[in-house]
Amino acid sequence: MEIFRVSFIGHREVDDFRFVEDQLERIVRDLIQTKEYVEFYVGRNGEFDIMVASVIKRAKRDYGDANSSMILVLPYPIADMDMMEDFYDEIWLPLGSDVHFKSAITKRNEWLVENSDMLVAYVIRDTGGAATCLHYAEKSGIQIERIDRENIEKDGIFRRP
């Protein structure tokens, strides 16, 4: 079975909630319908990450979850991990314990890029961890799906660059 791995990166705060959610729904549904199996790698560090998880959950409910899994990829253990186990299909902690907590999110984001076929990015500012991750992804050559108004044609359909 061919596994297609997709990571998501975005700002903690979402400025245009409905627009971003609509684009995420189109991307996630397209992947579930066109790929043999999709592993969705998600974080839990802000509004964008929570929105991504909700969109994936709805798509899995609508299309079934036989060909996808939603994996929470954490930079370090968190207090409520046992509660998260009921929501996510799996929880991964890919970094070793030797990573300093101040650099753990950056290292986790690099891991996401290095271990994915596609990065879905909601980056509208050129500062912060999401922007840094996007720049890292652009240098790596990974396929990138940007969620921003520049990638939307006049008919409102998301177009891949």
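Just above, that's the structure.
Residues numbered from 1 in each chain as written. Predicted model: local features only at pLDDT ≥ 70, side-chain atom pairs only at ≥ 80, totals over all residues. Heavy atoms only, no water.

Enquirer: Sorry if this is basic, but what is going on with the overall build of the protein here?
Expert: Of the regular secondary structure elements, the protein holds five helices and six strands. When the helices and strands of the protein are read in sequence order from the N terminus, they spell out β-α-β-α-β-α-β-α-β-α-β. Overall size of the protein, expressed as C-alpha extent along the three principal axes, is 50 × 35 × 30 Å. Out of the 161 residues in the protein, the part that is buried amounts to 46%. Taking contacts inside the protein between residues at least 6 apart in sequence as the whole, the part at least 24 apart equals 71%. Counting every atom, the protein has about 8,600 Å² of accessible surface; 47% of that belongs to carbon and sulfur. Considering the protein, the positive charge centre built from 21 side chains and the negative charge centre built from 31 side chains are found 3 Å apart. (Helix = DSSP H or I, 4+ residues; strand = E, 2+ residues; numbered from the N terminus. Buried < 20%, exposed > 50% of the residue type's maximum accessible area, 1.4 Å probe, protein only. Contact = heavy atoms within 4.5 Å. Areas by Shrake-Rupley, 256 points an atom, 1.4 Å probe, with all protein chains shown as cover. Lys, Arg positive; Asp, Glu negative; His and termini not counted. Charge placed at Lys NZ, Arg CZ, Asp CG, Glu CD.)

Enquirer: I tried to follow the pattern of salt bridges on my own but got confused; where do I start?
Expert: It is possible for side chains bearing opposite charge to pair when their charged atoms get close. In this structure the tally under the stated criterion is 11 salt bridges. Residue Lys 107 pairs with Glu 110 through a salt bridge whose shortest N-O separation is 3.9 Å. In this pair, Lys 107 and Glu 110 both sit in helix H4 (residues 104-114), three residues apart, roughly one turn of the helix. Members of the salt-bridge network, linked through shared partners, are Arg 18, Glu 21, Asp 22, Glu 25 and Arg 58. (Salt bridge = Lys/Arg side-chain N within 4 Å of Asp/Glu carboxyl O.)

Enquirer: How should the sheet that holds strand E6 (residues 143-146) be read in this particular structure?
Expert: Backbone hydrogen bonds are what pair the strands of a sheet, in a parallel or an antiparallel way. With parallel pairing, the six strands of this open sheet are ordered in space as E4-E3-E2-E1-E5-E6. Both edges of this open sheet fall to strand E4 (90-92) and E6, since each of them pairs with a single strand only. Strand-to-strand twist of the sheet, defined as the mean angle between neighbouring strand axes without regard to direction, takes the value 25°. The pairing of strand E2 (residues 37-42) with strand E3 (residues 68-73) spans five bridges and is classified as parallel. Among the inter-strand pairings, Glu 39 is bridged to a residue of E3, identified as Ser 69. Across the face of the sheet, helix H1 (residues 17-34) comes into contact with strand E1 (3-10), E2, E3, strand E5 (118-122) and E6 while running at roughly 145° to E2. (Pairing = 2+ DSSP bridges. Axes fitted to C-alpha atoms, helices over the stretch in contact; angles between N-to-C directions.)

Enquirer: I tried to follow the packing of H1 against helix H2 (residues 47-63) on my own but got confused; where do I start?
Expert: Helix-helix packing: each pair is described by the crossing angle between the helix axes and the interaxial distance. Contact pair H1 / H2: the axes reach a minimum separation of 9 Å and the direction vectors enclose 45°. In terms of their interaxial angle, H1 and H2 are classed as oblique. Handedness of the H1/H2 crossing: right-handed. In contact with Phe 17, Val 20, Glu 21, Leu 24, Glu 25, Val 28, Arg 29, Ile 32 and Gln 33 of H1, H2 contributes Phe 48, Met 51, Val 52, Val 55, Ile 56, Arg 58, Ala 59, Lys 60, Asp 62 and Tyr 63. For the contact of H1 with H2, a count of residues per class yields 12 nonpolar, one polar and six charged. (Parallel < 35°, antiparallel > 145°, perpendicular 65-115°, else oblique. Left-handed = near helix turned anticlockwise from the far one by under 90°. Nonpolar A, V, L, I, M, F, W, Y, C, P; charged D, E, K, R; others polar.)

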